[in-house]
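Understanding the architecture of this molecule
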Amino acid sequence: MRAAIFRQGNFVLGDVPDPQLQPGQVLVRTRACGICGTDLHAARFTREFVSLARRTGGRWTMDAERDVVFGHEFVGEVVANGPGTEGKFKPGDLVTSMPLTIAGNTVLGLGYNPDVAGGFAEYMPLAERMLLPLPAAMEPDHAALTEPMAVGLHAVEHFGVNNAEVPLVIGCGPIGLATIAALKLHGHAPIIAADFSAGRRALARKMGADIVIDPAVESPYQALERAITPDGFDSSRYAALFGLGPKRRPAVLFECVGIPGVLTAMMEGAPNAARIVVVGVCMEPDEIEPYFGIVKQLSLQFVLAYNAQEFAATLGHIGAGRLDVRPLITGRIGLAEVGQAFKDLANPETHAKILVEPWR
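These remarks concern the structure in this document. Since we're looking at a predicted model, the values are computed, not measured.

Let us now look at the pattern of salt bridges. Going through the model one piece at a time under the given rule, you end up with 18 salt bridges. The salt bridge involving Arg-7 is made with Asp-67; its shortest N-O contact spans 2.8 Å. Here Arg-7 is found in strand β1 (residues 2-7), whereas its partner Asp-67 is found in the loop between α2 (46-55) and β4 (73-81), with 60 residues between them in sequence. Glu-165 is paired through a salt bridge with Arg-275; the nearest N and O atoms lie 2.8 Å apart. Here Arg-275 lies in strand β14 (residues 275-278) and Glu-165 lies in the loop between α3 (146-157) and β10 (166-170), a separation of 110 residues in the sequence. For the pair Glu-165 and Arg-275, one class covers both residues: buried.

Here you go:
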């Protein structure tokens, strides 16, 4: 089958072996697959990516010396049921899945696995027990955004973000936008978002942000201070000591950038007693100044991905229109164009989410 193969730092169009279905697997034809920010990291910093995976327990089995077929944000069409399946799905059914498959009792990740092709290939061997049917009348390609949107839902739900908190989202790439959409879904207001890119700020508004900040012009932390501070608030230490006057609303900040220096700036800018939820995946060493966290009594929390229930719930929200992913899809390409798309995605003004359609 044809695939966009990542080989020694470059993408090449070529052939890889057709999937050989293991017991419990279903052959699925890839209809569309999104390019993820983690894909960009893995392609640009391959050896660091592989090293981090090994040091953190082997979450990914990628090997810098071996060919790999990326792609973990996908929607597909059932082609055939393999041995040992229950026949829950018939050929032609549209499905999605968390980016993994199961062979016997072994769970295999998809997207960074040199032994199993991901969604940048024509076919995938997916586990029947993990497949989710698309809701009726759902635009099929929208299901390819279930995975990144589930990341945003998990970021909001995992630590129990509540409606009393005023949220500030730093970084409006796909994960920041997914976080904004999840906050909107849960009724948070006002939602403040900040990004240096005019294009991403425009998308933040479409996804539900109430206040959108260009950090080159205004401090997002000052905007957050205004949003949480009621009329008559007394900031003096005397009022704080005796609990006098109206109280500020609590604040929760989402780090959705994932580059060194951002977390430090957020700790410095955050109001007292705020929570910082780190969603952006920083793959380089970073430094923080603990004194800001100590003096302000900040809470620093980290989130990763989603669970099966959140993934299924996200698919349902997209299918019902509660999460509108249409503004995020800014390009569609074939396998031969994957390499150029990775270059294009380096410009935040050009694209948000590019879908790879292997059959184009």
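Below, the discussion takes up the sheet that holds strand β15 (residues 299-302). Ordered in space as β12-β11-β10-β13-β14-β15, the six strands form an open sheet in which the pairing is parallel. The outermost strands of the open sheet, each flanked by one partner alone, are β12 (211-213) and β15. Across the sheet, the mean angle from the axis of one strand to that of its neighbour is 20°, orientation sign disregarded.

This brings us to the layout of surface pockets. In this model, the second largest pocket occupies a volume close to 560 Å³. What lines the second largest pocket is a set of 23 residues, among which Phe-233, Ala-240, Arg-248, Asn-272 and Ala-273 lie closest to the centre. Within the residue set of the lining of the second largest pocket, elements represented by two or more residues are α7 (237-242) and α9 (290-296). Here the lining of the second largest pocket takes three residues from α7, the largest share from any one element. Tallied by class, the residues present in the lining of the second largest pocket amount to twelve nonpolar, five polar and six charged.

So, about a nonpolar patch on the surface. On the surface, Tyr-238, Phe-242 and Leu-244 cluster together to form a nonpolar patch covering roughly 350 Å² of accessible area. In this structure, Phe-242 sits in helix α7.

Bringing the pairing of β14 into the picture now. The alternating pattern of β14 places Arg-275 and Val-277 on one face and Ile-276 and Val-278 on the opposite face, and all of these are buried. In this structure, strand β13 (residues 251-255) lies alongside β14, joined through four bridges in parallel fashion. Across the sheet, the residue bridging to Phe-254 is Val-277, located in β14. For the handedness criterion, the β-α-β arrangement of β13, helix α8 (residues 262-269) and β14 is classed as right-handed. Note that β14 and β15 share four bridges and pair parallel. Within β15, the position partnered with Val-277 by the bridge is Gln-301.

Scoring rules and cut-offs
- Residues numbered from 1 in each chain as written.
- Predicted model: local features only at pLDDT ≥ 70, side-chain atom pairs only at ≥ 80, totals over all residues.
- Heavy atoms only, no water.
- Salt bridge = Lys/Arg side-chain N within 4 Å of Asp/Glu carboxyl O.
- Helix = DSSP H or I, 4+ residues; strand = E, 2+ residues; numbered from the N terminus.
- Buried < 20%, exposed > 50% of the residue type's maximum accessible area, 1.4 Å probe, protein only.
- Pairing = 2+ DSSP bridges.
- Axes fitted to C-alpha atoms, helices over the stretch in contact; angles between N-to-C directions.
- 1 Å grid on protein atoms, 1.4 Å probe; cavity = no way out; pocket = protein on both sides within 12 Å on 5 of 7 lines; lining within 4 Å.
- Points joined across faces, edges and corners; volume = space filled by probe spheres on them.
- Nonpolar A, V, L, I, M, F, W, Y, C, P; charged D, E, K, R; others polar.
- Patch = residues over 30% accessible without salt bridge, like charges linked within 9 Å, V, L, I, M, F, W, Y side chains within 5 Å.
- Areas by Shrake-Rupley, 256 points an atom, 1.4 Å probe, with all protein chains shown as cover.
- Right-handed = clockwise from strand over helix to strand, strands pointing away.

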